[in-house]
Amino acid sequence: WKKYPPGPPMLLSAVKIVQCGFRIHPDILVETAKQYGSIFTIWGASQPLVILSGFEAVKEGLIKHSEIFSGRPVTPFYKAIAKEKGIVFSNGHTWKQQRKFGLVTLRKLGLGKKGVENQIQEEAQQLVETFARAKVSNVICALVFGHRYSVDDEEFLKLIKAIENGVKFGGTFFHLLYEVIPGIMKYISWPYKTVFGAADVVLSHARKETENHRKQPAQHDPRDFIDYYLLQMEKSKNDPTSTYDDENLAQCISDLFVAGTDTTSATLQWGLLLMMTHPDIQEKIQKEIEDAFGSSQLISYQDRKKAPYTFATIHEIQRFKCILLAGNPRETVQDVNILGSFIPKGTTIVPDVHSVCYDPKLWETPQKFNPNHFLDKDGQFVDREELLLFGAGARVCVGKEMAKIELFIFFTNLLRAFTFKLPEGVKEVNTEPVLGLTMPPHHYKLCAIARPSNS
Ligand code: HEM
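Values in this document were obtained by computation on a predicted structure and should not be read as measured data.

Caption draft 1: View of the overall build of the chain. Of the regular secondary structure elements, the chain holds 16 helices and eight strands. A separation of at least 24 residues holds for 72% of the contacts in the chain among residues at least 6 apart in sequence. Accessible surface, the chain: about 21,300 Å² in total, of which carbon and sulfur atoms supply 55%.

Caption draft 2: Up close: the packing of aromatic side chains. Scanning all chains against the criterion turns up 26 aromatic pairs. Centre to centre, the rings of F77 and F196 are 5.8 Å apart; their planes meet at 75°, and the pair counts as edge-to-face. Remark: F196 occurs in helix α10 (residues 190–215) and F77 occurs in helix α4 (residues 76–82); sequence separation between them is 119 residues. A relative accessible area of 2% means that F77 is categorised as buried. A centroid spacing of 5.5 Å and a plane angle of 45° characterise the contact between W363 and F374, whose relative ring orientation is tilted. Of this pair, W363 sits in the loop between α15 (353–357) and α16 (400–417) while F374 sits in the loop between α15 and α16, placing them 11 residues apart in sequence. Ring pairing ties together the aromatic residues F77, Y78, F89, F169, F173, F174, Y178, W190, Y192 and F196, which thus form one cluster. Over the ring of W363 we find R319, and its NZ or CZ is 5.4 Å from the ring centre. Taking the ring centre of W270 as reference, the NZ or CZ of K321 above it sits at 4.8 Å.

Caption draft 3: Looking closely at the site of the ligand. The full set close to the ligand counts 25 residues, and W95, R99, R330, R395 and C397 are the nearest of them. Here an oxygen atom of the ligand and a side-chain polar atom of W95 are 2.8 Å apart. Contact distances for the ligand include 2.8 Å between an oxygen atom and a side-chain N or O atom of R99. Only α5 (92–108), α12 (246–277) and α16 provide two or more residues apiece to the shell around the ligand. The element best represented in the shell around the ligand is α12, accounting for six residues. Taken together, the residues of the shell around the ligand break down into 13 nonpolar, eight polar and four charged.

Caption draft 4: Summary view of the sheet that holds strand β2 (residues 48–53). Strand order in the open sheet made by the four strands is β1-β2-β6-β3, with mixed pairing throughout. The open sheet terminates on both sides in strands that have one partner only, identified here as β1 (39–43) and β3 (330–331). Here β1 pairs with β2 via five bridges, running antiparallel. Bridge pairing in β2 links I42 to L49. On the sheet, helix α2 (residues 26–36) packs against β1, β2 and β6 (348–352) and is oriented at approximately 125° with respect to β1. On the sheet, helix α3 (residues 54–64) packs against β1, β2, β3 and β6 and is oriented at approximately 115° with respect to β2.

Caption draft 5: The arrangement of the packing of α10 against helix α11 (residues 225–235) in detail. At a closest axis distance of 10 Å, the pairing of α10 and α11 adopts a crossing angle of 70°. One element, α10, and the other, α11, form an angle in the roughly perpendicular class. Helix-helix and strand crossings are classified by hand; for α10 and α11 the assignment is right-handed. Taken together, the residues of α11 that come into contact with α10 (itself represented by E209, T210, H213 and R214) are I226, D227, L230 and M233. Tallied by class, the residues present in the contact of α10 with α11 amount to three nonpolar, two polar and three charged.

Caption draft 6: Main features of the side chain of E386. Note on placement: E386 falls in the loop between α15 and α16. Non-local contacts of E386, meaning those with residues more than four positions away in its chain, are made with F55, V356, L362 and W363.

Caption draft 7: Local environment of the environment of S90. As for its position among the elements, S90 is in the loop between α4 and α5. The spacing of S90 and P73 is 17 residues in sequence and 8.8 Å in space, taken between C-alpha atoms. The contacts of S90, once residues within four sequence positions are left out, are R72, E84, K85, W95 and R395. From its side chain, S90 meets the backbone oxygen of G86 in a polar contact 2.7 Å long.

Caption draft 8: Structural view of the nonpolar core. Counting residues in hydrophobic clusters, the biggest one holds 100 residues, and the most contacted among them are F69 and F225. Examining the composition of this core, we find that 14 residues originate from one element, α12, more than from any other. Sequence-distant contacts of F225, that is, excluding residues within four places in its chain, are made with F101, G102, T105, L106, L109, L143, V144, L249, C252 and L256. Membership of the second largest hydrophobic core comes to 12 residues, among which are F89, F169, Y178 and Y192.

Caption draft 9: Structural view of the packing of helix α13 (residues 279–293) against α16. Axis separation between α13 and α16 bottoms out at 9 Å; the angle between their running directions is 100°. Judged on the interaxial angle alone, α16 and α13 are roughly perpendicular. Here Q282, I285, Q286, I289 and F293 of α13 come into contact with α16, specifically with F411, T412, L415 and R416. Along the lines of polarity and charge, the residues of the contact of α13 with α16 split into five nonpolar, three polar and one charged.

Reading guide: rules and limits
Residues take numbers from 1 onward in each chain, read along the sequence in its written order. A pLDDT threshold of at least 70 governs which residues receive local features in this predicted model, and a stricter bar of 80 or more applies before side-chain atom pairs are shown or counted, although totals over entire chains, interfaces and linings include all residues. No hydrogens and no water enter the side-chain calculation; it runs on all heavy atoms of the structure. Think of it this way: any DSSP run of H or I at least four residues long counts as a helix, any run of E at least two long counts as a strand, and we number them from the N terminus. Contact definition: two residues touch when any of their heavy atoms are within 4.5 Å. Here the open area of atoms and residues is found with the Shrake-Rupley method and a 1.4 Å probe, where only the protein chains shown may cover a residue. When two rings of Phe, Tyr or Trp (its six-membered ring) have centres within 6.5 Å they constitute a pair, described as stacked for plane angles under 30 degrees, edge-to-face for angles over 60, and tilted for the intermediate range. A 1.4 Å probe rolled over the protein chains alone gives each residue an accessible area, and that area as a share of the maximum for its type sets the label: buried under 20%, exposed over 50%, partly exposed in between. Only lysine NZ and arginine CZ atoms are considered, and such an atom sits over a ring when it is within 6 Å of the ring centre and within 35 degrees of the ring normal. Summary of the distance rule: residues count as near a molecule or strand when at least one heavy atom falls within 4 Å of that molecule or strand. As used in this structure description, the phrase polar contact means that two N or O atoms lie within 3.5 Å; if the pair is within protein, one of them must be able to donate a hydrogen and the other to accept it, and residues adjacent in sequence are counted only when both atoms belong to side chains. Polarity classes work like this: nonpolar for Ala, Val, Leu, Ile, Met, Phe, Trp, Tyr, Cys and Pro, charged for Asp, Glu, Lys and Arg, and polar for all others, with Gly in that last group. We call two strands paired when DSSP finds no fewer than two bridges between them. To define axes, lines are fitted to C-alpha atoms, for helices over the stretch in contact only, and angles between the resulting N-to-C directions are given on a 0 to 180 degree scale. Orientation categories follow fixed angle ranges, with anything under 35 degrees roughly parallel, anything over 145 roughly antiparallel, 65 to 115 roughly perpendicular, and all other angles oblique. Left-handed describes a crossing in which the near helix is turned anticlockwise from the far one by less than a right angle; the clockwise case is right-handed. Nonpolar core, defined: a set of buried Ala, Val, Leu, Ile, Met, Phe, Trp, Tyr and Cys residues in which side-chain atoms within 4.5 Å join the residues together.

All we've got here are geometric facts, nothing functional implied.
What follows is the structure, given as structure tokens:
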């Protein structure tokens, strides 16, 4: 029996989870921290979970002991889905090699530079009412497959639906049941058909695109992620330590879609909802955008410096409507002592990013939407390390730069083109999140009024 940091008894943890309808509410973790301190243990579906609560504990774990906390727990369900391939659900040598390749290749393809930015600008030009998920996915399509899809392409819509279904399943009752009884599918398979089917759709699509690329090899001038990967496979075919193979490639592609679509689109959906409920802030942003770029100038990420209030608001949207239930789980790869607590090797760690977003010690008005949190007294943007929405340390989000560019360019173009209001007769909008691993708003209707200079 290993020793873990203190926390509520096993039964109490289980009761709380059941009380919440098998969907842990982020507030439970904050409440528990008040009683047990910033490092405590709760008993999850099949094993103890050590929670790091508040900025100091999360930073100490993810940044100061970056390597020790760099493992990813691979639970029975995620093992069945991702087979420990790719980036998100791999560990050790495979993870190191695939992650490094992913980062380097995304950078080569123009992450943070011109390439991907042009793609994002192109998508932003086509702002339509069904923008969010489809537009975000199309940026990844262009990067990975080398082409985009029309938003009504059936195959593309199938892919987006599959990603949505995959993400929605995380944290549900049947997900937790699988983690506790991995053999459950032998007895009841129907709850799992949709999610395994969704994983199949994404992986089959990845394999089909890979075959198409093989038929037209890039040779010396790789055009996209798949081209780079195939060249790397060829280069390292005699290296016995190589993990570059078809299965890792398909899983990397799936990872980029699944990790990069719902996160960015949920943030944008919250952004528009908050603009509807805070018309004064929306107006201020529109004025800033108009003064800086007029009504037609192409907006690039570099331009964020000319729009500090807008950039600060995007960060505040991320803080105030933190889309992560807690933070992506990690695993300790060796025994460690942090802030006086001993945590054994192989423990699942949940960095509670939510608690950091609302920590009254860090934010002037934690419960209020307030872009000033990211502005200095002269109205200039201040980047704050306490905003840990992309994780931190060895496993920090691979798409962080890309997501930042997307959020800025999509958001500014949307607000330049439209004013967002509640539809006629609607007085209120539900501002509670849909509980899950990623937490978007509930479906809502908005009224997008074309702004005079754009109509
Ligand atoms: C607003 C948008 C996004 C948010 C909030 C977000 C957040 C995160 C978080 C919290 C993690 C876990 C980090 C950790 O373990 O500490 C992560 C990992 C990851 N993200 Fe993102 N992400 C976003 C967009 C993207 C995009 C656009 C891509 C790809 C193009 C992407 C690809 C990945 C990958 C591959 C990982 C796994 C890294 C690893 O395990 O080594 N993400 N992201």
